[in-house]
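Structural overview
Listed below, chain by chain, are the residues.
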Amino acid sequence: MTIGIPRAFLYYRYHTLWETFFEELGLDYIVSPETNKDIIARGTSHAMDESCLSSKIYTGHVDYLIDKCDYILIPRIASFANKKEIVCSKFQAIYDVIKNTYREKELKILYYSIDVHNKETELKAFLKMGKFLGKKKTQILKAYYIAKQAEKTQKMIEINNQKNVLQKDKIKILIVSHPYNIYDKYVGEPILNALKEMDCEAIIGCVVDEKHAREKAKAITPTLPWTFNKELVGSIAIYKDQVDGIILVSSFPCGPDSLVNEMIIRKIKDKPIINLILDAQEGTAGMETRIESFIDIIRLRKEKEYEEDKS
Amino acid sequence: MKKTRVNFPRFGSYDICVEHIIKSGLDCEYVYAPPITKKTLEIGTKNSPDFVCTPFKYNLGGYIEAIEAGANTLIQVGGVCRLGYYGELQERILKDLGYDVKFINLSNGNFKNPITFYEEFKKINPNLHIKKLAQACALAVKMVEVIDKIEDYIRQNVGFEKIEGSFDKLHEEFLEDLRDINDKKELNLLSRLYMKKLKKVEVEKPKNPLKVGFVGEYYTIMDQYSNHYMEKELAKKGIIIYRWMNLTNSILNPNTKEVKQSIKNYAKYDMGATAMYTIKKAIDYAKEGCDGIIHVKSFGCTPEIDTMPVLQRISEDYKIPIIYFSFDSQTSDVGINTRIEAFYDMIMMRKEEKKK
């Protein structure tokens, strides 16, 4: 039996957890390829016109996996934490959206649901999923804890690597973006490449201790309800003083980001910020120009500060 | 000390109920923003982030117009979608614009712990009398129910009135009288009086009239200005309009469990915000023999976008036409009317076909 994992949305948050879990249970899996033109085209033709670019990309990855595996992994998340936190309803709905979009194909979906408000924890969800896959409880528990450990280690390594990058004597730009946008080969990587070309280092906001970041976000914007956005806002508080500028990256027309980016721009006044909106249009020239001029301004400012310090 | 003059965003006819809470429950003045116009939306759009949902823009534009009309205290509610974050951002935007107002954000409260709302209300009137406030809230809830009952009746009959404008006139009079209500007894009398008056309005219903059900996003479906008076436009063509979505049904008696159960062939999970109700009512309207369904939402409303693949399946299964409308600040009456005309022609023809 082979499980297909769409390389989109929560993949970027959970791939270590999922992959280790399936490996420990001795299950085969495939991951859809990096986003490319074909996947975007598939997503655009099957997803609703008005849905966000990221969910079109997700649909494209699911579409790619159809007929290439036995089950497609499509989890659903309604809430992670306390009563005051929610996630974008897209993550609540995605299972049923895909199910209805591809009803005639009768997709076989491997699913789990996390809804902490209703006492459906991650552990419970994985136990259910493991049982569905025909595994014993002890086996599942063992696989889950190993996978959790792997996830934790992976995160620690990422944070440590980022610490090293923060030491570098280069212009550093904090990227505030959902991981599924900035790590996406097709829509996000061009931004990282543009920064590299200008000899800048990218500091990735979501590479952060999530819980700590969520705590930090409260001071900046107390009623912000979305867990993922809280982590991103918190990352600004954590990394801001070590970077020279901030780039906000959102896919069009992301609901939570539409409000949160505005709040960030209005509240964070001591660092230059730009807001990049990703859409499915071809060509990255416009975006590169914006990044270039943004970096130029930061450079000029830095030189000026340096001159002033000298005199 | 400055007198507290409170405003709440216009939303269907419900601001009368909020007015009652403010006046009788909190002993403060209530300021009505001028009726929503194109200008409201323009002011809102100018000061809002680009692709935020349209209700945000209406609310913000309305606040600014209310401030200009003398309001110095604004209220925003909370909600389970983007609405939950409206308040904090709107407060910030108004502050950045230089308006010196008090902003009461009910998102600070917690439904599990009602005392937190009390704390918010105390910001409006520090000497508030809790019993008075509770009484006012209880009556406001009853007022909501009466409004919904009256408007339901109008919706289903206004398309068939013999003298054009009779229902509208009564509706206006009703809202005017509702403002003067002081207790439950008066409210009951008023409700009975107007139901009687409504039933007296002469209507000419054909034997088997066209029936259309409305589903969709909370604000846009309930606020007639936001949906370009679509219900009325359709009704005028001689159609019975059904719209389950109102405050009585969605907040006062939601019955989530039953709803979840009834849609399980289409959705395994709660898909967020009002998605469950949209799906449930689409199924109901299809089963009850409506000739078509209209889905309305503001542009980019994620939970409602996500119901669309489900609605398409319902449309296939029950062979019922569904038309989708998305509203933003650019939406023009002309575009909407053309599509409504086409939709009307289509359901009309289908009905004729069926008769044969």
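Only a predicted model underlies this, so the values are computations on that prediction, with no experimental measurement involved.

Next up on the list: the overall build of chain A. In terms of regular secondary structure, chain A is built from 12 helices and 10 strands. Over its C-alpha atoms chain A spans a radius of gyration of 20 Å, differing by no more than 12% from the 19 Å that the globule rule assigns to 311 residues. With the C-alpha coordinates of chain A rotated into their principal frame, the extents come out at 75 × 40 × 35 Å. Taken over 311 residues, chain A has a buried fraction of 58%. Across chain A, contacts joining residues at least 24 apart in sequence account for 72% of those joining residues at least 6 apart. Surface exposure of chain A reaches about 14000 Å², of which carbon and sulfur atoms provide 50%.

Glancing now at a nonpolar patch on the surface. A cluster of nonpolar side chains, namely V141, I251 and L252 of chain B, defines an oily patch on the protein surface of about 230 Å² accessible area. L252 of chain B gets classed as partly exposed once you look at its relative accessible area, which sits at 31%.

Another point: the interface of chain A and chain B. At the junction of the two partners, chain A supplies 40 residues and chain B supplies 43 residues. Taking both partners together, chain A and chain B bury about 3700 Å²; carbon and sulfur atoms supply 61% of that area. At the junction of chain A with chain B, the criterion picks out five salt bridges. The partner of E50 of chain A in a salt bridge is K297 of chain B, and the shortest N-O contact between them spans 3.3 Å. Taken together, the links from chain A to chain B amount to 20 residue pairs in polar contact (both at pLDDT 80 or more). Every element with two or more residues in the side of chain A that touches chain B is listed here: α4 (89-101) and α11 (255-267) of chain A. Of the residues in the side of chain A that touches chain B, the class split is 21 nonpolar, 10 polar and nine charged.

Residues and elements named next belong to chain A. Checked against the element boundaries, I236 lands in helix α10 (residues 227-239). For I236 and I268, which are 32 residues apart along the polypeptide, the C-alpha to C-alpha distance reads 8.8 Å. Once residues within four sequence positions are removed from consideration, I236 is found in contact with L174, V176, I246, I264 and I268.

Residue and element names in this part refer to chain B. For the coordinates displayed, the defined rule picks out 35 aromatic pairs over all chains. On the basis of an interplanar angle of 85° and a centroid distance of 6.1 Å, the ring pair of Y58 and Y225 is categorised as edge-to-face. Remark: Y225 occurs in the loop between α9 (218-222) and α10 (230-235) and Y58 occurs in helix α3 (residues 54-68); sequence separation between them is 167 residues. Look at Y58 and you get buried, because its relative accessible area is 6%. Centroid distance Y242 to Y285: 6.4 Å. Interplanar angle 25°. Geometry classified as stacked. A residue pair is termed long-range when its members are at least 10 positions apart, and Y242 in strand β6 (residues 239-243) and Y285 in helix α13 (residues 275-287) qualify at 43 residues. Judged by relative accessible area, Y242 falls into the partly exposed class, the value being 25%.

Moving on to the sheet that holds strand β3 (residues 71-73) of chain A. All names here are of chain A. Reading across from one edge, β2-β1-β3-β5 is the order of the four strands in this open sheet, with parallel pairing throughout. Edge positions in the open sheet fall to β2 (28-31) and β5 (109-110), since each of these has one partner strand only. Of the strand pairs in this sheet, β3 and β5 are connected by two bridges, and their pairing is parallel. Directly across from I72, in β5, lies its bridge partner I109. Of the strands in this sheet, β1 (2-5), β2 and β3 touch helix α3 (residues 53-65), which is tilted by about 160° from β3.

Time to look at the domain arrangement of chain B. Residues and elements named next belong to chain B. Domains assigned within chain B are domain 1 (5-128), domain 2 (141-205) and domain 3 (206-356). Of note, the centres of domain 1 and domain 2, computed from C-alpha atoms alone, are 27 Å apart. Each side of the interface is counted separately: domain 1 has seven residues, and domain 2 has 10 residues. Here domain 1 meets domain 2 over a buried area of about 760 Å², counting both sides, of which 67% is carbon and sulfur. Of all residues in domain 1, S13, Y14 and I16 give up the largest surface area on contact with domain 2, accounting jointly for 60% of the area buried on that side. If you look at where domain 1 meets domain 2, you find one salt bridge. Two residues, R179 and E19, come together in a salt bridge whose shortest N-O distance is 3.4 Å. Counting across the domain 1 and domain 2 interface gives four residue pairs in polar contact (both at pLDDT 80 or more). Its residues assigned to classes, the side of domain 1 that touches domain 2 comprises four nonpolar, two polar and one charged.

Time to look at the domain arrangement of chain A. Residues and elements named next belong to chain A. For chain A, the assigned domains read domain 1 (2-150) and domain 2 (168-310). Taken together, the contact between domain 1 and domain 2 spans 22 residues of the former and 25 residues of the latter. Here domain 1 meets domain 2 over a buried area of about 2100 Å², counting both sides, of which 64% is carbon and sulfur. Looking at the side of domain 1 facing domain 2, the largest losses of area belong to Y12, R13 and L53, adding up to 28% of the total buried there. Counting every contact that joins domain 1 to domain 2 gives three salt bridges. For K230, the salt bridge identified is with E85, shortest N-O distance 4.0 Å. Counting across the domain 1 and domain 2 interface gives eight residue pairs in polar contact (both at pLDDT 80 or more). The set of elements that each furnish at least two residues to the side of domain 1 that touches domain 2 consists of α1 (11-24), α2 (37-46) and α3.

Thresholds applied
- Residues numbered from 1 in each chain as written.
- Chains lettered and ligands numbered in written order.
- Predicted model: local features only at pLDDT ≥ 70, side-chain atom pairs only at ≥ 80, totals over all residues.
- Heavy atoms only, no water.
- Helix = DSSP H or I, 4+ residues; strand = E, 2+ residues; numbered from the N terminus.
- Rg over C-alpha atoms; globule rule 2.2 N^0.38 Å.
- Buried < 20%, exposed > 50% of the residue type's maximum accessible area, 1.4 Å probe, protein only.
- Contact = heavy atoms within 4.5 Å.
- Areas by Shrake-Rupley, 256 points an atom, 1.4 Å probe, with all protein chains shown as cover.
- Patch = residues over 30% accessible without salt bridge, like charges linked within 9 Å, V, L, I, M, F, W, Y side chains within 5 Å.
- Salt bridge = Lys/Arg side-chain N within 4 Å of Asp/Glu carboxyl O.
- Buried area = accessible area lost by both parts, 1.4 Å probe.
- Polar contact = N/O pair within 3.5 Å; in protein donor to acceptor, adjacent residues only side chain to side chain.
- Nonpolar A, V, L, I, M, F, W, Y, C, P; charged D, E, K, R; others polar.
- Phe/Tyr/Trp six-rings, centres within 6.5 Å; stacked < 30°, edge-to-face > 60°.
- Pairing = 2+ DSSP bridges.
- Axes fitted to C-alpha atoms, helices over the stretch in contact; angles between N-to-C directions.
- Domains from an automatic or database assignment.

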